Amino acid sequence: MKRFITIMFAAACVFILNAQENTKQVRVITIDEAVILAADNNISLKRQKINLDTLERRNNNSWNGLIPSASLSAGLDLPLEKAEPSIMNPNPADYTYNISASVSLRITPSLYTSIKDAKLKFESGKTSYEDAVRQIELSIRKLFYSLLYAKESMNLQKRNMETARLRYENNRDKYNRGQLSELDLLQSQYSYESQRPSIESAEISYQNNIASFKQIMGIPQNEEIELSGSLTDAIPPTSFSIDNSVEELPSIKKIKVSIEQQKNSLLASRFSAYGPTLSASYSYGKRGNNFTKDFDSLSTTGNSISLGLSIPLDGYIPWSNGSQSIENQKAALKDLELQLENEKTTAELNLQNSIKNIKQKQSQMELLNRNVEIAQKAYDMTLTAYSHGSRDLLTLQNSADSLLKAKTDRESQLYNLICAVLDLENTLGIPFGSLGENK
């Protein structure tokens, strides 16, 4: 009886596990969801966000150099030995105390450049953060479509293998009926079984890439996912135009921000070498002892205002550190301006080449589509001829290989076209998937 209960319990566990496995849901991932998940779980992006928040906080409080510095101090003087009364001091104090406060303010022209530097660094940080977000989106989109391409390529191979299997089984029946030679049977068997290793390798590679894809998005490895979408969803219209000027490109804007920062650094060096510094302070103090009864009876120890003005002279000496710093900042600014001119020329050329590359790939897609149609028609005709005995198995296999190659080449070209479009959108700084859309 106990053994029977044990067997029934084990059977129930197996039934429950199978039921859970059958009811296990597959998570469908779209390209937009993949982009959001990757951005939310990217460690590097989180670190850059912390840095951006720091720059924003510094920018919001950069005016605090205008706040005077204030201090308050107090002291107690307690003699170790009590003083003896004298004619000059018949009632010596047991202890004395003092209280003092001071406020000071120092204003330099560098305060202006410091405030502007905080603003420029925050703007630069925002640009860097947005660029990092775009790079993550670019990477995840390419990986997403790469997986779609790999799966489609694998499905083509599987369909080709399934066709070879059916052909082998049909030839085996013919061989058993004495209608086919053993050589033809072996050739069809080899044509079928020789495809298994490459398909298994493709399957393993695909699963490995899916695991990496899950890791990037922060999805548990034991969660089943399915990609929703197709390669044809990502290609732009056959005709599109680029309205963005070179000045609007992210790479150009980035150098322009660097130039503004360098101009501010040059101005800061000039302020440091030539700019005057104005200082003002106010101090007030009181002193009392154990005989002091109220605040009005305290003696004043300090009540003064001081003003100061200093003008540096280093900038007027050609070989001084201040003068040399100014010259170095000028040279750095000139170098950035040359970089900007070079980047404009390079960007213009890259845009033209990218557009030509995309249009060339689109033109090639039309040719590859025709190749697939021709290869399909040739295979259908060869299969019909093989069925009637007017074509041998090798001819049929060559026709099947040509059809598979034509389809694979088309999918590969489609994936390359998508990557070229994504790269162009990234260069233009426009939203991904918007190339060719009506503005």
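Source: prediction; values computed, not measured.

Undergrad: Which residues make up the overall build of the protein, and what values do they have?
TA: Of the regular secondary structure elements, the protein holds nine helices and six strands. Since a compact globule built from 439 residues should have a radius of gyration of about 22 Å, the 40 Å found for the protein marks it as more spread out than a globular shape. Principal axes of the C-alpha set define a box for the protein whose edges measure 145 × 85 × 40 Å. Out of the 439 residues belonging to the protein, those deemed buried represent 29%. Summed over all atoms, the accessible surface of the protein reaches about 27,800 Å², with 54% contributed by carbon and sulfur. Of the charged side chains in the protein, 49 are positive and 51 negative; the average position of the first set lies 1 Å away from that of the second.

Undergrad: Mind laying out helix H8 (residues 321–387), listing which residues take part and the relevant values?
TA: Structural remark: α-helix, 3.6 residues per turn; residues separated by three or four positions point the same way. In this model H8 runs 92 Å from its N-terminal to its C-terminal C-alpha over 67 residues, within 8% of the 99 Å that 1.5 Å per residue would give. Just past H8, the residue Gly389 takes up positive phi, approximately 85 degrees.

Undergrad: If you had to explain the pairing of strand E3 (residues 96–107) to someone new, which residues and values would you point to?
TA: Sheet topology places strand E2 (residues 69–77) next to E3; nine bridges connect them, and they run antiparallel. Its bridge partner being in E3, Ser73 is matched across the sheet by Ser100. Pairing between E3 and strand E5 (residues 277–289): twelve bridges, direction antiparallel. Looking across to E5, one finds that Val103 is bridged to Tyr282.

Undergrad: I'd like to hear about the pattern of salt bridges, residue by residue, with values.
TA: In this structure the tally under the stated criterion is 17 salt bridges. Its salt-bridge partner being Arg165, residue Glu169 comes within 2.6 Å of it at the nearest N-O pair. Taken together, the positions of Glu169 and Arg165, both in helix H4 (residues 110–176) and four residues apart, correspond to about one turn of that helix. One salt-bridge network, in which partners are shared between bridges, spans Arg27, Glu33 and Glu223.

Undergrad: Describe a nonpolar patch on the surface, listing the residues and the values that go with them.
TA: Residues Ile107, Tyr274, Leu278, Leu309, Ile311, Leu313 and Tyr316 make up a contiguous nonpolar surface patch of about 730 Å² in total accessible area. Mapped onto the elements, Leu309 comes out in strand E6 (residues 299–310). Leu309 sits in the exposed class, given a relative accessible area of 61%.

Undergrad: Please give an account of the pairing of E5 that cites residues and values.
TA: In terms of strand pairing, E5 meets E6 through eleven bridges, oriented antiparallel. Residue Leu278 lies in a different strand from E6, and its bridge partner there is Leu309.

Undergrad: Account for the environment of Leu148, with residues named and values stated.
TA: Along the polypeptide, Leu148 turns up in helix H4. Each C-alpha atom, one on Leu148 and one on Ala268, is 54 Å from the other, the two residues being 120 residues apart in sequence. When residues no more than four places from it in sequence are discounted, the contact partners of Leu148 are Leu227, Gly229, Ser230 and Leu231.

Undergrad: Please provide a residue-by-residue account of the confidence of the model for the protein, values included.
TA: Residues at a pLDDT of 70 or more form 92% of the protein, whose mean pLDDT is 84. By mean pLDDT, helix H1 (residues 2–23) is the weakest element of the protein at 49, and H8 is the strongest at 90. Predicted confidence for residues 19–23 stays below pLDDT 50, and this span has zero contacts to residues more than four positions away or in other chains.

Undergrad: Could you give an account of the packing of H4 against helix H7 (residues 250–274), naming the residues involved and the relevant values?
TA: Between H4 and H7, the shortest axis-to-axis distance is 9 Å and the interhelical angle comes to 165 degrees. As summarised for this structure, H4 and H7 are arranged roughly antiparallel, according to the angle between their axes. Handedness of the crossing formed by H4 with H7: left-handed. Judged by residue contacts, Ser110, Tyr112, Thr113, Lys116, Asp117, Leu120, Lys121 and Ser124 of H4 engage Val257, Glu260, Gln261, Asn264, Leu267, Ala268, Phe271 and Ser272 from H7.

What counts, and at which threshold
- Counting from 1, residues in each chain are numbered in the order their sequence is written.
- Note on the predicted model: pLDDT of at least 70 is required for a residue's local features to be given, and 80 or more for side-chain atom pairs to be given and counted; whole-chain, interface and lining totals, by contrast, use all residues.
- Only hydrogens and water are set aside; all other atoms, that is, all heavy atoms of the structure, feed into the side-chain values.
- Every helix listed is a DSSP run of H or I at least four residues long, and every strand listed is a run of E at least two residues long, numbered separately from the N terminus.
- Between the two quantities, the radius of gyration covers C-alpha atoms and the globule rule is 2.2 Å times the number of residues to the power 0.38.
- Burial here depends on accessible area, computed with a 1.4 Å probe over protein chains only, as a share of the maximum for the residue type. Under 20% is buried, over 50% is exposed, and the range in between is partly exposed.
- The accessible surface values rely on the Shrake-Rupley method and a 1.4 Å probe; as for residues, cover is taken only from the protein chains in view.
- Working convention for charge: Lys and Arg count positive, Asp and Glu count negative, and His plus the chain ends are omitted.
- The atoms used to mark charge sites are NZ of Lys, CZ of Arg, CG of Asp and CD of Glu.
- A helix is expected to span 1.5 Å multiplied by its residue count minus one.
- Any two strands with at least two DSSP bridges between them are considered paired.
- Think of a salt bridge as a Lys or Arg side-chain nitrogen and an Asp or Glu carboxyl oxygen that are within 4 Å of each other.
- Without a salt bridge and with relative accessible area above 30%, a residue can belong to a patch; like charges are then joined within 9 Å and nonpolar side chains (Val, Leu, Ile, Met, Phe, Trp, Tyr) within 5 Å.
- By definition in these notes, contact holds between two residues if any of their heavy atoms fall within 4.5 Å.
- Confidence per residue, as judged by the predictor, is encoded in pLDDT with a range of 0 to 100.
- For helices, the fitted axis covers only the stretch in contact; all axes are lines through C-alpha atoms, and the angles between them, taken along N-to-C directions, range from 0 to 180 degrees.
- Throughout, the term roughly parallel applies to angles under 35 degrees, roughly antiparallel to angles over 145, roughly perpendicular to angles from 65 to 115, and oblique to all others.
- We call a crossing left-handed when the near helix sits turned anticlockwise from the far one by less than a right angle, and right-handed when that turn is clockwise.

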